[in-house]
2 protein chains.
Amino acid sequence: MALLVVGSVAYDSVETPFGKVDQALGGSATYFSLSASFFTPVRLVACVGKDFKQEHRALLESRNVDLGGLQVLEGDTFRWSGAYGYDLNDARTLDTQLNVFSDFNPELPEDFRQSEYLFLGNIDPDLQRNVLAQVRAPKVVACDTMNYWIDGQFKSLLETLKGVDLLVINDAETRQLAQESNLVKAARKIMTWGPKTIVVKRGEYGVVKFGLNSKNELDVFGAPAYPLEDVFDPTGAGDTFAGGMMGYLAGTDRYDDQAIRQAIIFGSVMASFNVEKFSVDRLSELTFTEVELRYREFKQITHFDDVVELERF
Amino acid sequence: MALLVVGSVAYDSVETPFGKVDQALGGSATYFSLSASFFTPVRLVACVGKDFKQEHRALLESRNVDLGGLQVLEGDTFRWSGAYGYDLNDARTLDTQLNVFSDFNPELPEDFRQSEYLFLGNIDPDLQRNVLAQVRAPKVVACDTMNYWIDGQFKSLLETLKGVDLLVINDAETRQLAQESNLVKAARKIMTWGPKTIVVKRGEYGVVKFGLNSKNELDVFGAPAYPLEDVFDPTGAGDTFAGGMMGYLAGTDRYDDQAIRQAIIFGSVMASFNVEKFSVDRLSELTFTEVELRYREFKQITHFDDVVELERF
């Protein structure tokens, strides 16, 4: 099934303890699309400036990403620069230049409006609803957000959430959005606002998913992150995760609990590769065989036997 | 098999956002013993003062904990008081009174010296080696430590680690001990100092285990924590975890990779119960049926299907 993503395409300048890149291809929709493209065809909705390079257009197209929704506007492409310290958990934003992104008004090509799977990347919740309204009958709507919108656009975000099935969000944002320090309680609260599934990204600590089973009871899935010895650049890990997850769901056209669990593992697999190199360098060279192998490694990392019989004291 | 633990028995005064207790039964060896006693007989080595209450002695004995190594010294029992904020991750220590613990010189009764499984709780590494030297032929030696000993007794701690099979330690302490910010690299480094298995406790983020397989390759196991909506008092969670883990290993007399994985889940189960009430209140009323049920819940929380066949793009 077709997967539509709206988000940013950017040129990033990133510095980590292991090196730096200048104006490398980045942006949430870029990472998402390249990651999802391993599993399903992707339709990208975003905008770039006149300076967007042909080689980056070619890279996306070579990965089966439909650029029919990529507007080219007067001005420069969105730019972000940031730095990471040794713990690699939090980026320090050094500079943000919205450029063409400040005039972004997404307009979907006719064929994009038939997309079954939809990912509303981390942009203004007003724009997220604008895109959602243009898609005729989506089967699954997923959404990301961040502290900036929770703080500044809370009411609009709540409006967007009403139309969302699956919220992908990080740990701190979950607590902030729900105004609740206990993560389980926070997820329960957000589930009453629209999304019936909450996927909480916890960086090096993995992922936890909250949902409701057929009896309306809380259903939890937890998975560790892939243990990495060399993390070069965490930029885009969350978007790459979401891309792998949504790509798998759209590719298999399944949205049951087991499919979501498998999708979370594929998302974790994709994110673990992405951080091994700068920018989209690792995703660009990645093979599907490597993806399958790491999925099986995840199975090995998380497996433990049932206990058949135990002496009681 | 018999499991011997050396550690502290204390009276704790604890305040959390959900209530407070004054001079309640606590201490690392107490939590460890009560937790391990669900799986195997436990031999406790510690000291208390003349003020140690008969009811607490009776509680431990009722749970199959052998108090033959519990010295009663002139003076008061070790006291600790601390407070937790809403995030419940870090205790703020308000007061520590070592009392009789400052004169503690563990001397093992004759029958204790035959113990097969040994847990060196979080005490001075000199004392840990002292106890280790008194046990004739232990099959498995596990050990805990903390920042205080890593800072102040680093050389002695390294001496102790030479005789240790399994190190149980938290996230920050692992990085501190190895002087390495990447957790995988830190574990690899510590494994060259003695312990062939490192179990890293990550609080609400679960547990990760590092070991080496038969080909000397890194073998990783990761498990999330049980998702709790009501955490009343985190005191003793780490010791309760270690008790469940070591209790299961000693009770089954197994130390293979699968047994360690199962033991980690049982440890996580026990810790998840312990934090539901103050002091040892939840462990005191817990049934084995509840333990088994939650183990099966962990299986459900962490399960995901294999992927049989996937279309490639």
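Residues numbered from 1 in each chain as written. Chains lettered and ligands numbered in written order. Predicted model: local features only at pLDDT ≥ 70, side-chain atom pairs only at ≥ 80, totals over all residues.

Trainee: It is not clear to me how the overall build of chain A should be interpreted in this structure. Could you clarify?
Mentor: Each helix and strand in chain A was counted, giving eleven helices and 13 strands. Relative to its length of 313 residues, chain A is compact, with a C-alpha radius of gyration of 19 Å against a globular reference of 20 Å. With the C-alpha coordinates of chain A rotated into their principal frame, the extents come out at 75 × 40 × 35 Å. Every one of the 313 residues in chain A was classed for burial, and the buried ones make up 48%. Nonlocal contacts in chain A, meaning residues at least 24 apart in sequence, comprise 65% of its contacts between residues at least 6 apart. (Helix = DSSP H or I, 4+ residues; strand = E, 2+ residues; numbered from the N terminus. Rg over C-alpha atoms; globule rule 2.2 N^0.38 Å. Buried ≥ 20, exposed ≤ 12 C-beta atoms within 10 Å, placed from the backbone. Contact = placed C-beta atoms within 7 Å.)

Trainee: Before we go on, may I ask you to explain the sheet that holds strand β5 (residues 65-73) of chain A in this structure?
Mentor: Sheet strands associate in pairs through backbone hydrogen bonding, adopting either a parallel or an antiparallel arrangement. Residues and elements named next belong to chain A. Within the open sheet, the nine strands sit side by side as β5-β4-β1-β8-β9-β10-β11-β12-β13. Their pairing is mixed. Each of the sheet's edge strands pairs with one partner strand only, and the pair in question is β5 and β13 (218-223). Each strand of the sheet is rotated relative to its neighbour by a mean of 15 degrees, with strand direction disregarded. Relative to β5, strand β4 (residues 42-49) runs parallel, the two sharing seven bridges. The residue bridging V48 from the neighbouring strand is V72, located in β5. The strands touched by helix α6 (residues 171-178) within the sheet are β10 (166-170) and β11 (197-201), with β10 carrying the most contacts at an inclination of about 110 degrees. (Pairing = 2+ DSSP bridges. Axes fitted to C-alpha atoms, helices over the stretch in contact; angles between N-to-C directions.)

Trainee: Before we go on, may I ask you to explain the interface of chain B and chain A in this structure?
Mentor: Many descriptions give the size of an interface as the accessible area lost when the pieces come together. Facing the 39 residues of chain B at the interface are 39 residues of chain A. Among the elements of the structure, α7 (183-191), β13 (218-223), α9 (257-274) and α11 (288-302) of chain B are those that each provide at least two residues to the side of chain B that touches chain A. At five residues, α11(B) tops the list of elements feeding residues into the side of chain B that touches chain A. Class assignment for the residues of the side of chain B that touches chain A results in 18 nonpolar, eleven polar and ten charged. (Nonpolar A, V, L, I, M, F, W, Y, C, P; charged D, E, K, R; others polar.)

Trainee: Can you walk me through unusual backbone geometry in this structure?
Mentor: Excluding glycine, a negative phi dihedral is what most residues carry, and trans is how most peptide bonds are arranged. Of note in this structure, A:N99 is not a glycine but carries a positive phi near 50 degrees. Mapped onto the elements of the fold, A:N99 is located in the loop between β7 (92-97) and β8 (117-120).

Trainee: Teacher, can you tell me more about the relation of the copies chain B and chain A here?
Mentor: Superposition record for chain B on chain A: RMSD 0.0 Å, screw rotation 180 degrees, translation along axis 0.0 Å. The symmetry that links the two subunits is that of a two-fold axis. Comparing interface residues between copies, 100% of those in chain B also lie at the interface in chain A; the contact surface is shared. (Least-squares fit on C-alpha atoms with pLDDT ≥ 70 in both.)

Trainee: Explain the sheet that holds strand β10 (residues 166-170) of chain B here, please?
Mentor: Residues and elements named next belong to chain B. The sheet built from nine strands is open, its strands ordered β5-β4-β1-β8-β9-β10-β11-β12-β13 with mixed pairing. What marks the edges here is a single partner per strand, and that holds for β5 (65-73) and β13. Averaged over all pairs of adjacent strands, the angle between strand axes in this sheet comes to 15 degrees, irrespective of strand direction.

Trainee: Teacher, can you tell me more about the packing of helix α3 (residues 125-134) of chain A against helix α5 (residues 154-162) of chain A here?
Mentor: Helix packing for two helices is described by the angle between their axes and how far apart those axes are. All names here are of chain A. Two numbers describe how α3 lies on α5: the axes approach to 8 Å, and their chain directions differ by 25 degrees. By the angle between their axes, α3 is roughly parallel relative to α5. When the axes of α3 and α5 are compared, the crossing they make is left-handed. Residues P125, D126, Q128 and R129 of α3 form the contact with α5, whose own contacting residues are S156, L157, E159 and T160. Residue composition of the contact of α3 with α5, by class: two nonpolar, three polar and three charged. (Parallel < 35°, antiparallel > 145°, perpendicular 65-115°, else oblique. Left-handed = near helix turned anticlockwise from the far one by under 90°.)

Trainee: Explain the confidence of the model for chain A here, please?
Mentor: Low-pLDDT stretches of the model should not have their predicted coordinates read in fine detail. Predicted confidence across chain A gives a mean pLDDT of 95, with 98% of residues reaching 70 or more. Predicted complex, confidence summary: ipTM 0.93, pTM 0.96. (pLDDT = per-residue confidence, 0-100.)

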